[in-house]
Number of protein chains: 2
Amino acid sequence: MPLDTLQVTTQPLPASKKVFRPGHLHPGIRVPMREIALHPSAGEPPVTVYDSSGPYTDPDTSITIERGLPRPRAEWIAARGDTEAQEGRAVRPEDNGFVSGDRLTPAFPIQHRPLKAKNGKAVTQLAYARAGIITPEMEFVAIRENLGRAQAKAAMERDGEDFGASIPDFVTPEFVRDEVARGRAIIPANINHPELEPMAIGRNFLVKINANIGNSAVTSSMAEEVEKMVWAIRWGADTVMDLSTGRNIHNIRDWIIRNAPVPIGTVPLYQALEKVGGVAENLTWEVFRDTLIEQAEQGVDYFTIHAGVRLAHVPLTASRVTGIVSRGGSIMAKWCLHHHRESFLYEHFEEICDICRAYDVSFSLGDGLRPGSIADANDAAQFAELETLGELTQIAWAKDCQVMIEGPGHVPMHKIKANMDKQLKVCGEAPFYTLGPLTTDIAPGYDHITSGIGAAMIGWFGTAMLCYVTPKEHLGLPDRNDVKIGVITYKIAAHAADLAKGHPAAQLRDDALSRARFEFRWEDQFNLSLDPDTARSFHDETLPKEAHKVAHFCSMCGPKFCSMRISHDIRAEAQKEGMEAMAKKYREGGGLYMPMPSPAAE
Amino acid sequence: MPLDTLQVTTQPLPASKKVFRPGHLHPGIRVPMREIALHPSAGEPPVTVYDSSGPYTDPDTSITIERGLPRPRAEWIAARGDTEAQEGRAVRPEDNGFVSGDRLTPAFPIQHRPLKAKNGKAVTQLAYARAGIITPEMEFVAIRENLGRAQAKAAMERDGEDFGASIPDFVTPEFVRDEVARGRAIIPANINHPELEPMAIGRNFLVKINANIGNSAVTSSMAEEVEKMVWAIRWGADTVMDLSTGRNIHNIRDWIIRNAPVPIGTVPLYQALEKVGGVAENLTWEVFRDTLIEQAEQGVDYFTIHAGVRLAHVPLTASRVTGIVSRGGSIMAKWCLHHHRESFLYEHFEEICDICRAYDVSFSLGDGLRPGSIADANDAAQFAELETLGELTQIAWAKDCQVMIEGPGHVPMHKIKANMDKQLKVCGEAPFYTLGPLTTDIAPGYDHITSGIGAAMIGWFGTAMLCYVTPKEHLGLPDRNDVKIGVITYKIAAHAADLAKGHPAAQLRDDALSRARFEFRWEDQFNLSLDPDTARSFHDETLPKEAHKVAHFCSMCGPKFCSMRISHDIRAEAQKEGMEAMAKKYREGGGLYMPMPSPAAE
């Protein structure tokens, strides 16, 4: 494979510097953050923001895709002394869809021996949390989540509606441990993914987003997929799911995981189906189990498992407008119907837990019966499955496994909250992880927007992670630009949700950007935005000259009409005339303010 | 002016045909709708959708921009016998910013004598409604709003949460009259805009959207602005505001109105300010009044009037993060402060009403103190102004003038509903017309999305019209593509709101599209979407061949994994095996369904 196919996007974002915070309990940990420097005229410190981009935006780290990322967690895991290196499962021809020669994606050059829990031990973050242990992963998360909180505490009153969440003023490592122990948060962190920078998914933490990548039988390659992963985290994806369904699945996944600082999720059923030639009814528990072990050894951090699609649920979908739209759900439904047997995922769920427990693979319990249209939202099939997912959550928890629950789908706005409420109720507050939801079906090509609306709302209501939707949803495979648009849209939804929940420090970035806007610090406005490149290029389309980036007006109004400039004049005049005194007089009901007649049509 | 600068976009949308429905009370009216034909294999009638695009999408109408559109309302207005043609105000050099020669946009070639109400009569739709008269405009609106309702009535149960609105199963002309009479809806329809196809703005009608166009001192031309208007209504803008602030304002507006089948709104203050050389403190009531008459005679359908920015409110903005961001608001604030006098708009409000009453120009009471940042949302300045707008609503209503109320701005999600609730309360249910609101400040370049989220929500809560925001907001002037993205985003928000409110027929289009999707009728899926061109081109990027548009799979999964195809297999199998019988057994609590343990963490 020629080296030039293995280039990925590096370099910091504009005006940004990666900084690292050490731990206290675990002084060796280095928690990455991004500092955005402001213009000296602002007289403000840099704005520190959450940074999911990994070493790729750190000019001090040299990136070589063929070697993979540094492996900081290796020490932490070894220090626990509860794992041992294995020979591991040998790669088989069916793992890569029986391709060979030129069509075979080469194996990742460095093969590490996989770790596994020693004789039946639980090596999950949940097990440690329950045992009262604060792991380095937990402290890492605590520091990571606290961005700006100390600053915010002094500066602002908390505000927001959190619908019963318990967001603390300050995140302590003990708080993280407690949330994980209660099952209200997960830290997806396979022991075979030491390249990971730990993160938490839970209602009392920042709302996270996931980006999907993956090749398909029709199109795309390894180099493209690695770059899509790097590109997605550059713009803010907190986790990445590799949904590959074509050939070379095993090898492509290896390249992705060895280069991923974020948790990687998969749907093992897709690869299992490839192994049986794509014929759903030929799937067996043995093939599926083998695939779980294969992927757990590679370091997959969470598995979507569609164990909630039970034989008895399938008839509930028969009169739907769009039937079953989840691939995993439809595969299992077909298997159940063909054999007229209960799902092997459901029947073997405890064994699946034993595997997840041995590697700390988190569950993402799949919503195989999620609605694929407005017409099918919140129907009997969807909610029957959700109840089963609640049942499975208890089983997984009993096995010390970390669990989150997948959710819809297509849901009109007035039916969104019922999803969140029911999920909280039947799944014991396990984190909810939703796709959108899409709030209308009529805009293919814009489903990042139809779903961004639903995502912001359900994030506000309590969803812990939002799975992105790109403009290509329903139409084609997303390219690099679609991935970026999807990620930015979902960062907007997640941040809007954080603001509305009253996350203590969420508004700091909004305020810094708004001050920059008001003070005509154009460069600061661009640099503080989610996508500085686009903001800058849009500005330059109308007013390309450098001079205009220091101008005290903008292209919308021109110099004479600028409302912001007039506001500055007002403020100046107010200082002269004593506007505060005027305001006081007003507040005391001075004669300037006329009493208002009560509206007649009330 | 060379003819080739005056081309606009015509031709129907794909698979679409314009149809017209006649009135019953007023048999002469022809209400346009768009029928989208489906593939014969669907076995379904065409889907009829609301059509704001005017004659431009009608191949039977020949379009000549220099002649303007046909004037169907001229007869209706004449028949009322309460107006008379005037000499009209002569165009003055300051109307076009004192430009001349080559820089002067030529006057529109055909100048009609302006109509005005005979001696003090009220010629507003509100006056007629109160008098019990169902005008052709009202019947036009009733027919237009009823799309699919007869069909829906038979097929579906109503569903949704309308927060106290009163959406009827079927819209009768009498219902329209009553809503207008109560002030809960307006039909913006200047007697000098006979080219108009009437539409209603009100909480009990479909949610509407507005697109802004307009030149600025920095950039753009007449031909561009006319095409932007045509382009905006092609994609679904229900009204268009001409926010021009540069030169040639008068003449450009003439070209726009004479070619506009939708209501045109303006902010007369912008032109008045041009007339006094851009110096806010030089504004006078006389200049403003003259501008109102000038624009009323041209046919502007609604005026944004910032009469709620009172002297006493200005100090309330002094400690804001972003001061006053409304141009009109900042101009009036500056004027008030400079003269230390009450606003001339407020003091002369009754005289403004008299002008509006004589031409039926609707009020859009401007939110000059809307928040420009998350930090400033729902503050004292904003709500003090809103209360004044409620007071002014009563005055306008007493003068038989139609009124809507403008709203924010930048508002985090948890503070949106309070805006709607307060507006309903203090403005006597006059229609609310909001800009967004933007739910976060951190995404310049994507503010169609930050605001689309807020727009969908506030539309659901009861806002009658949503003012679009384009990707260029805060950064530059929107081009043609930005206008389209803004309009489509807001059509999504409006439709999502209609669905959530439980509009009786809103879901018909979603269902038709979803059936097309499920049945792999790709062309139907494209044609039923808000933007068929984009949907088709996104599909073709991955699977360009014609054959793939009839393929029973798509690019996301490829042939083996397609969940929709598997769902079809399931349905077929179900028919064979008697899935309905299985479903019945399930519903009766048959042994297949296991009892669920109650979640522990509740």
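Described in the following lines is the structure provided in the data block. (Residues numbered from 1 in each chain as written. Chains lettered and ligands numbered in written order. Predicted model: local features only at pLDDT ≥ 70, side-chain atom pairs only at ≥ 80, totals over all residues. Heavy atoms only, no water.)

## Focus: the overall build of chain A
- Helices and strands together make up the secondary structure of chain A, namely 21 helices and 15 strands.
- Considering chain A as a whole, with its 602 residues, one finds that 69% of them fall into the buried category.
- A fraction of 76% describes how many contacts in chain A between residues 6 or more apart in sequence connect residues 24 or more apart.
- For chain A, the exposed surface amounts to about 19000 Å²; the carbon and sulfur share of it is 52%. (Helix = DSSP H or I, 4+ residues; strand = E, 2+ residues; numbered from the N terminus. Buried < 20%, exposed > 50% of the residue type's maximum accessible area, 1.4 Å probe, protein only. Contact = heavy atoms within 4.5 Å. Areas by Shrake-Rupley, 256 points an atom, 1.4 Å probe, with all protein chains shown as cover.)

## Considerations on the pattern of salt bridges
Residues and elements named next belong to chain A.
- Applying the stated criterion across every chain yields a total of 86 salt bridges over all chains.
- Put simply, Glu179 and Arg184 hold a salt bridge, and the shortest N to O gap is 2.7 Å.
- The class for Glu179 is buried, based on a relative accessible area of 1%.
- Glu429 is the partner of Arg203 in a salt bridge, and the nearest nitrogen-oxygen pair spans 2.5 Å. (Salt bridge = Lys/Arg side-chain N within 4 Å of Asp/Glu carboxyl O.)

## Comments concerning the interface of chain A and chain B
- Opposite the 141 residues of chain A that make contact, chain B presents 141 residues.
- Of the roughly 12300 Å² buried where chain A meets chain B, counting both sides, 67% is carbon and sulfur surface.
- Across the contact surface, chain A and chain B share four salt bridges.
- The tally of links from chain A across to chain B stands at 18 residue pairs in polar contact (both at pLDDT 80 or more).
- By residue number, the principal contributor to the side of chain A that touches chain B is helix α16 (residues 480-501) of chain A, which donates ten residues. (Buried area = accessible area lost by both parts, 1.4 Å probe. Polar contact = N/O pair within 3.5 Å; in protein donor to acceptor, adjacent residues only side chain to side chain.)

## What about the relation of the copies chain A and chain B?
- Take chain A, turn it by 180°, move it 0.0 Å along the axis, and it overlays chain B with an RMSD of 0.0 Å. With respect to symmetry, the two chain copies, as superposed, fit the operation of a two-fold axis. Every residue of chain A has its C-alpha some distance from the rotation axis, and the shortest such distance is that of Ile453(A), at 2.3 Å.
- Both copies contact each other with a shared surface, as 100% of the interface residues of chain A are interface residues in chain B too. (Least-squares fit on C-alpha atoms with pLDDT ≥ 70 in both.)

## Considerations on the sheet that holds strand β3 (residues 47-50) of chain A
Residue and element names in this part refer to chain A.
- The antiparallel open sheet is built from three strands, whose spatial order is β1-β2-β3. Because the sheet does not close on itself, it has two edges, and the strands there are β1 (16-22) and β3. Direction aside, neighbouring strands of the sheet carry axes that sit 40° apart on average.
- The pairing of strand β2 (residues 30-36) with β3 spans four bridges and is classified as antiparallel. Across the sheet, residue Ile36 finds its bridge partner in β3, namely Val47.
- Packed on one face of the sheet, helix α3 (residues 136-145) meets β1, β2 and β3 and runs near 15° to β2. (Pairing = 2+ DSSP bridges. Axes fitted to C-alpha atoms, helices over the stretch in contact; angles between N-to-C directions.)

## A look at helix α9 (residues 285-298) of chain A
All names here are of chain A.
- Compared with an ideal rise of 1.5 Å per residue, which puts 14 residues at 20 Å, α9 spans 20 Å between its outermost C-alpha atoms and is within 8% of the ideal.
- Listing the buried residues of α9 in full gives Trp285, Phe288, Asp290, Thr291, Leu292, Glu294, Gln295, Ala296, Glu297 and Gln298.
- Buried positions along α9 lie against α7 (249-258), β10 (264-266), α8 (268-275), β11 (302-305), α11 (344-347) and α12 (349-359).
- Just past α9, the residue Gly299 takes up positive phi, approximately 115°. (Expected span 1.5 Å × (residues − 1).)

## Here we look at unusual backbone geometry
- Going from Pro408(A) to Gly409(A), the amide bond is cis rather than trans, its omega being 15°.
- Its location among the elements puts Gly409(A) in the loop between β13 (403-407) and α14 (416-426).
- Cis geometry marks the peptide bond from Gly436(B) to Pro437(B); its omega dihedral reads 5°.
- Residue position: Pro437(B) is located in the loop between β14 (432-435) and α15 (447-461).

## A closer look at the environment of Arg34(B)
Residue and element names in this part refer to chain B.
- When you line up the elements, Arg34 lands in strand β2 (residues 30-36).
- Take Arg34: its relative accessible area is 12%, and that puts it in the buried class.
- Measuring from C-alpha to C-alpha, the distance between Arg34 and Asp60 comes to 14 Å, with 26 residues separating the pair along the chain.
- Within the structure, the side chain of Arg34 is placed 2.8 Å from the side chain of Ser16, a separation counted as a polar contact.

## Overview of the side chain of Asp82(A)
All names here are of chain A.
- Summarising the element assignment, Asp82 is placed in the loop between α1 (73-80) and β4 (83-85).
- The side chain of Asp82 is buried and forms no salt bridge, while Arg80, the nearest opposite charge, is found at 4.9 Å.
- A polar contact is formed between the side chain of Asp82 and the side chain of Tyr128, at a distance of 2.6 Å.
- Those residues in contact with Asp82, other than ones at most four positions away along the chain, are Ile77, Lys116, Ala117, Lys118, Lys121, Ala122, Val123 and Tyr128. (Lys, Arg positive; Asp, Glu negative; His and termini not counted.)

## Some remarks on the packing of α15(B) against helix α16 (residues 480-501) of chain B
Residues and elements named next belong to chain B.
- One can describe the packing of α15 onto α16 by two numbers: an axis separation of 8 Å at closest approach and a directional angle of 25°. Compared by their axis directions, α15 and α16 come out roughly parallel. The interaxial crossing formed by α15 with α16 has right-handed handedness. Seen from α15, the contacting residues are His448, Ser451, Gly452, Ala455, Ala456, Gly459 and Trp460; seen from α16, they are Ile485, Thr489, Tyr490, Ala493, Ala497, Ala500 and Lys501.
- Its residues assigned to classes, the contact of α15 with α16 comprises eight nonpolar, five polar and one charged. (Parallel < 35°, antiparallel > 145°, perpendicular 65-115°, else oblique. Left-handed = near helix turned anticlockwise from the far one by under 90°. Nonpolar A, V, L, I, M, F, W, Y, C, P; charged D, E, K, R; others polar.)

## Considerations on the packing of aromatic side chains
- Within this structure, the stated rule accounts for 26 aromatic pairs over all chains.
- Between Phe288(A) and Phe344(A), the aromatic rings sit 5.9 Å apart at their centres with planes inclined by 65°, giving edge-to-face as the arrangement. One end of the pair, Phe288(A), is in helix α9; the other, Phe344(A), is in helix α11, with 56 residues separating them in the sequence.
- Of the residues examined, Phe288(A) reaches a relative accessible area of 1% and is grouped as buried.
- Phe344(A) sits in the buried class, given a relative accessible area of 2%.
- Relative to Phe344(B), the ring of Trp335(B) has its centre 5.0 Å away and its plane inclined at 80°; by these criteria the two rings are edge-to-face.
- For Trp335(B), a relative accessible area of 4% translates into the label buried.
- By way of ring pairs, the aromatic residues Trp285(A), Phe288(A), Trp335(A) and Phe344(A) are connected into one cluster. (Phe/Tyr/Trp six-rings, centres within 6.5 Å; stacked < 30°, edge-to-face > 60°.)

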